[in-house]
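Chain by chain, the residues run as shown.
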Amino acid sequence: MYIIVGLGNPGREYDNTRHNIGFATIDRIAEKENIDVSEKKHKALTGRGYIEGQRVILAKPQTFMNLSGESVKQIVDYYKADEKNELIVIVDDISLDAGHIRVRKRGSAGGHNGLKSIIAQLGHDNFVRIKIGIGEKPEEYNLADYVLGHFSADERKLMEEASESAYNALRMIITEDAEAAMNSFNRKNIL
């Protein structure tokens with residue numbers, strides 16, 4: 001079983017913001033795999049289904065980004081999941097060019113408050129993440145304003161393609177492993 005968590009902030013005002021690309025990607029996966037992600041459980045909206053024949057839990061924590069770890073910890077504990085092998089977190093990354101994705105098997109939070117919270121709650125950083133680049137913030141922007149800002153029309157198209165790439169990377173992680181996805185997706189731009 002895999003627990004697939006997309007990070008974001010709850011509330012309509014955060015829809016289509018850079019920080020919510022994790023939520024948007026979970027929505028895309030749910031649509032493609034016909035999984036209803038509306039059950040309120042473990043401080044998250046969750047849904048159960050199958051991807052590539054493997055049982056999955058899709059989750060969008062409703063705790064706000066800085067407390068994402070509370071929800072993730074509850075889900076991991078409830079399902080008695082081996083978070084080192086069965087947890088996949090989908091997250092925005094300002095250090096990647098917009099639209100690029102990168103798969104990592106572990107690593108620091110890199111300044112991302114959602115990842116900081118998860119690492120603090122789990123007590124380690126050894127879990128798979130799919131990072132979706134949202135681009136570096138322009139110099140004149142405050143970081144919070146930038147990540148909570150909405151995508152332009154051009155950026156929205158790029159993010160849809162990035163979400164599709166993240167979905168394909170996720171399927172490869174499930175059918176093969178994270179190493180295979182890293183080798184395939186970390187070298188390329190969008191597929």
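Below is a summary of the structure that appears in this document. Remember, predicted model here, so these are calculated numbers, not experimental data.

1. So, unusual backbone geometry
Here the phi dihedral of asparagine 16 falls at roughly 60 degrees; this positive angle occurs in a residue that is not glycine. Relative to the helices and strands, asparagine 16 is located in the loop between strand E1 (2-6) and helix H1 (21-33). A relative accessible area of 47% means that asparagine 16 is categorised as partly exposed. Non-glycine residue lysine 80 carries a positive phi angle of around 50 degrees. By the secondary structure assignment, lysine 80 is in the loop between helix H2 (68-78) and helix H3 (83-86).

2. Remarks on the packing of helix H6 (residues 153-175) against helix H7 (residues 178-185)
With their axes 7 Å apart at the nearest point, H6 and H7 run at an angle of 145 degrees to one another. By crossing handedness, the relation of H6 to H7 is classed as right-handed. Residues Ser165, Asn168, Ala169, Met172 and Ile173 of H6 pack against Ala178, Ala180, Ala181, Ser184 and Phe185 of H7. By residue class, the composition of the contact of H6 with H7 is 7 nonpolar, 3 polar and no charged.

3. Points about H2
Residues spaced three or four apart along an α-helix face the same direction, because each turn holds 3.6 residues. Those residues of H2 lying buried are Ser68, Gly69, Ser71, Val72, Ile75 and Val76. All buried residues of H2 fall inside an arc of 160 degrees around its axis, so they share one side. Just beyond H2, the residue with positive phi is lysine 80, at close to 50 degrees.

4. Brief notes about the nonpolar core
Core analysis: the largest hydrophobic core is formed by 37 residues, its most contacted members being Ile4 and Leu58. Looking at this core, the element that brings in the most residues is H6, giving 9 residues. With residues up to four places along the chain from it excluded, the contact list for isoleucine 4 reads Ile26, Ile51, Val56, Ile57, Leu58, Ala59, Ile88, Ile90, Leu170 and Ile174. The next biggest cluster of nonpolar side chains, apart from the first, holds 21 residues, and it includes Ala44, Ile75, Tyr79 and Leu87.

5. Looking at the packing of aromatic side chains
According to the stated counting rule, one finds 3 aromatic pairs in the structure shown. Summarising the aromatic geometry, the rings of tyrosine 78 and tyrosine 79 are spaced 4.8 Å apart at their centres and angled 80 degrees between planes, so their arrangement reads as edge-to-face. Aromatic side chains tyrosine 141 and tyrosine 146 sit 5.9 Å apart centroid to centroid with 80 degrees between the ring planes, which places their arrangement in the edge-to-face category. The ring of phenylalanine 23 carries lysine 60 above its face, with NZ or CZ at 5.4 Å from the centroid.

6. What about helix H4 (residues 113-122)?
Along H4, the residues classified as buried are Gly114, Leu115, Ser117, Ile118, Ile119 and Leu122. Buried-residue contacts for H4 involve H2, H3, strand E5 (87-93) and strand E7 (128-133). Phi turns positive, to about 85 degrees, at glycine 123, one or two residues after H4.

7. As for the side chain of glutamate 83
In this fold, glutamate 83 is placed in helix H3. At 6.1 Å, lysine 73 is the nearest oppositely charged side chain to glutamate 83, a buried residue that forms no salt bridge. Polar side-chain contacts of glutamate 83 include one of 2.8 Å to the side chain of histidine 124. Non-local contacts of glutamate 83, meaning those with residues more than four positions away in its chain, are made with Val76, Leu122, His124, Asn126 and Phe127.

The rules behind these values
Residues numbered from 1 in each chain as written. Predicted model: local features only at pLDDT ≥ 70, side-chain atom pairs only at ≥ 80, totals over all residues. Heavy atoms only, no water. Helix = DSSP H or I, 4+ residues; strand = E, 2+ residues; numbered from the N terminus. Buried < 20%, exposed > 50% of the residue type's maximum accessible area, 1.4 Å probe, protein only. Axes fitted to C-alpha atoms, helices over the stretch in contact; angles between N-to-C directions. Left-handed = near helix turned anticlockwise from the far one by under 90°. Contact = heavy atoms within 4.5 Å. Nonpolar A, V, L, I, M, F, W, Y, C, P; charged D, E, K, R; others polar. Arc of directions from axis to C-beta. Core = buried A, V, L, I, M, F, W, Y, C linked by side-chain atoms within 4.5 Å. Phe/Tyr/Trp six-rings, centres within 6.5 Å; stacked < 30°, edge-to-face > 60°. Lys NZ or Arg CZ within 6 Å of the ring centre and 35° of its normal. Lys, Arg positive; Asp, Glu negative; His and termini not counted. Salt bridge = Lys/Arg side-chain N within 4 Å of Asp/Glu carboxyl O. Polar contact = N/O pair within 3.5 Å; in protein donor to acceptor, adjacent residues only side chain to side chain.

That is the geometry; function is a separate question.
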